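# Breakdown of the fold
Residue-level listing of the chains:
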Amino acid sequence: MSKIVAPPPFLKSAAKAAAKPIEVVKERSMLLQKQMLGDLFHDLTTAKDTGRKVVYTFVPGNLSELILAFDMLPVYPEINALQWGMRKKSGSLIRDAEKYGYSEDVCTYVKCDVGMFLNGNIGPTGEKLPPPDLLLLSYTGCFTFLKWFENLQKLYPGVPTAMLHTPYAADGVITEDMVKYMVRQLEEDVIPKMEMVSGKKFNPEKLSKHLEYAVESEDWIVKMFDLTKQVPSPIDAYFAGVYYIGPINAGFRGAESAVEYYHQLYLEVAERAAQGRPPVTPEGELEEERFRLVVEGPPNWTHFREFWKLFYDMGAVVVASSYTKVGGYFDGGFRHDPDNPLESLARYCMGCYTNISLPERVNMLEKFITDYKADGFLINSIKSCNSFSAGQLLIMRELEQRLGVPVSFIESDLVDPRYFSYANIKNRLDSFFQMMDQRKQVGGRHQFGQRPHDSASSQKRSLLLPVLQQEAMV
Ligand code: SF4
């Protein structure tokens, strides 16, 4: 009998269906994550009895450390929606929101959240979530965030709202004036409202302590994802990566428990890397890493297992993805700064993936393809995410032009099962894998990723630059 590490818990039933009998060993990091999230949901369901105050907020540009400094509990509606999607129950919530008046084109995270409200605010664990005591809108890049919170204000009348407006980092530069603008909002609006709701005075030392924990977690996360540069990659940085980033996206970034979790996770992934072992999939350890991919866009949550299977059946491993950076992009060197707490919260928000411009996103993806020795680049475009679907074809063509890397484009949705077409996606992916296979036979492995980055020649070949200049965006 072979012995294998368990896949992430949400894939348990697929693991049971694996052909070979396996003895599943849960890694310590999985137990830690389960405990952390279980404790959070328990605290939320008992919040009204214990007097803990509840903040509804968003993942990109989240102010986790500030929320922890006030001993408040966060609720992230996107996390609830994706968990409903993975449990295959988001479809009926979306339909309820549409019956209530929301159009088919509205972001399905929003409709899932509204549908949840209409059905008694029962969370994905089956327990009732408490209503918010504070709506904290940290606005980074997506206009839907604003409209979503306008709707939450109507659903929860009288609940105070704090808005932190993040200036758009159009040219990738964060100026001192932009930082001051954000710090002023934190001092004059966000923190006073948190003091009022929590009944606690703001304690800068407590915030700094949480920022110290955040820095430690960020270091381990970067080191862990860096290991996927190795061939074969020890983990899939997308399908497993979304599970690994769960704690920092669910409010634990500045918590001591997150430091323990990410340190432990790093040790486990480093051990796999040292042994030269490929990723664990829902059906056991991958036999051979045949294709290394960089992916832009979130995964489809409603058909997550079927979606992943389309990749691992072909030996395709995602070695880097933009989606695992939506809760914070730390690979580029940014870390929270305990000595300058509010300034560092401001800089964190402005550097979020959702707040950076299209040219900056292209540069980031180009670096991923090169540094992680990718054989191909794939976009999973989200039907109902108008914010990030715009410009994706241009991103793809630009990267193809700059690097000569095989590219492909598929479409699905986050949590609306009506937009997952297995046959269409499989057809596109099959052609993509064939294309990469042929390129590798002709040119050998990693010929694209090894091409040195030359920004001057990249610009000469750029498709993006003339379009943006025409649109007066640069
Ligand atoms: S970024 Fe996309 S998925 Fe997220 S709230 Fe905006 S529209 Fe919805």
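Above this text sits the structure in question.
Residues numbered from 1 in each chain as written. Predicted model: local features only at pLDDT ≥ 70, side-chain atom pairs only at ≥ 80, totals over all residues.

## Overview of the overall build of the protein
- Check the secondary structure of the protein and you find 21 helices and 12 strands.
- Expressed as a percentage of its 474 residues, the buried residues of the protein come to 46%. (Helix = DSSP H or I, 4+ residues; strand = E, 2+ residues; numbered from the N terminus. Buried ≥ 20, exposed ≤ 12 C-beta atoms within 10 Å, placed from the backbone.)

## Quick notes on helix α9 (residues 176-198)
- End to end, α9 covers 31 Å across 23 residues, agreeing with the expected 33 Å (1.5 Å per residue, within 8%).
- Helix geometry: α9 is bent most strongly at leucine 186, by close to 40 degrees.
- Residues of α9 that are buried include every one of Met182, Leu186, Val190, Ile191, Met194 and Val197, and no others.
- Contact partners of the buried residues in α9: α4 (64-69), β5 (134-139), β6 (161-165) and α15 (341-350).
- Where α9 ends, the next residue or the one after it, glycine 199, has phi of about 75 degrees, a positive value. (Expected span 1.5 Å × (residues − 1). Bend = angle between axes of the 7 residues up to and from the residue. Contact = placed C-beta atoms within 7 Å.)

## Considerations on the site of the ligand
- All residues adjacent to the ligand are Cys107, Tyr109, Cys142, Thr144, Phe145, Cys385, Asn386, Ser387, Phe388 and Leu414.
- Elements that contribute at least two residues to the shell around the ligand include exactly α8 (143-155) and α17 (386-389).
- Of the residues forming the shell around the ligand, the biggest block, three residues, is contributed by α17.
- Across the shell around the ligand, the residue classes tally to seven nonpolar, three polar and no charged. (Near = placed C-beta within 6 Å. Nonpolar A, V, L, I, M, F, W, Y, C, P; charged D, E, K, R; others polar.)

## A look at the sheet that holds strand β3 (residues 54-56)
- Read across the sheet, four strands follow the order β4-β3-β5-β6 without closing on themselves; strand pairing throughout is parallel. The two strands at the open ends of the sheet, each matched to only one other strand, are β4 (73-75) and β6. Across the sheet, the axes of successive neighbouring strands diverge by a mean angle of 25 degrees, strand direction being ignored.
- Pairing of β5 with β6, which is carried by five bridges, proceeds in the parallel orientation. (Pairing = 2+ DSSP bridges. Axes fitted to C-alpha atoms, helices over the stretch in contact; angles between N-to-C directions.)

## Details of the pairing of strand β9 (residues 291-296)
- The buried count for β9 comes to six of six residues, which makes it a mostly enclosed element.
- Burial along β9 is two-sided: Phe291, Leu293 and Val295 and Arg292, Val294 and Glu296, pointing in opposite directions, are all buried.
- Sheet topology note: the β9/strand β10 (residues 316-321) ladder contains five bridges and is parallel. In the sheet register, arginine 292 faces β10, and the bridge partner there is valine 317.
- The sheet contact formed by β9 and strand β11 (residues 376-382) spans four bridges and is parallel. Looking across to β11, one finds that valine 295 is bridged to leucine 378.

## A look at the packing of helix α6 (residues 90-99) against helix α7 (residues 108-118)
- In the contact formed by α6 and α7, the axes pass within 7 Å of each other and the chain directions differ by 85 degrees. Compared by their axis directions, α6 and α7 come out roughly perpendicular. Judged by residue contacts, Ser90, Leu93, Ile94, Asp96, Ala97 and Glu98 of α6 engage Thr108, Lys111, Cys112, Val114, Gly115, Met116 and Leu118 from α7. (Parallel < 35°, antiparallel > 145°, perpendicular 65-115°, else oblique.)

## Details of the sheet that holds β10
- One open sheet holds the four strands; their spatial order is β10-β9-β11-β12, and the pairing between them is parallel. The open sheet has two free edges, formed respectively by β10 and β12 (407-412), since each of these has just one partner strand. Neighbouring strand axes in the sheet, compared pairwise and without regard to direction, differ in orientation by 35 degrees on average.
- Here helix α19 (residues 422-443) sits on the sheet in contact with β9, β10, β11 and β12, set at roughly 165 degrees to β12.

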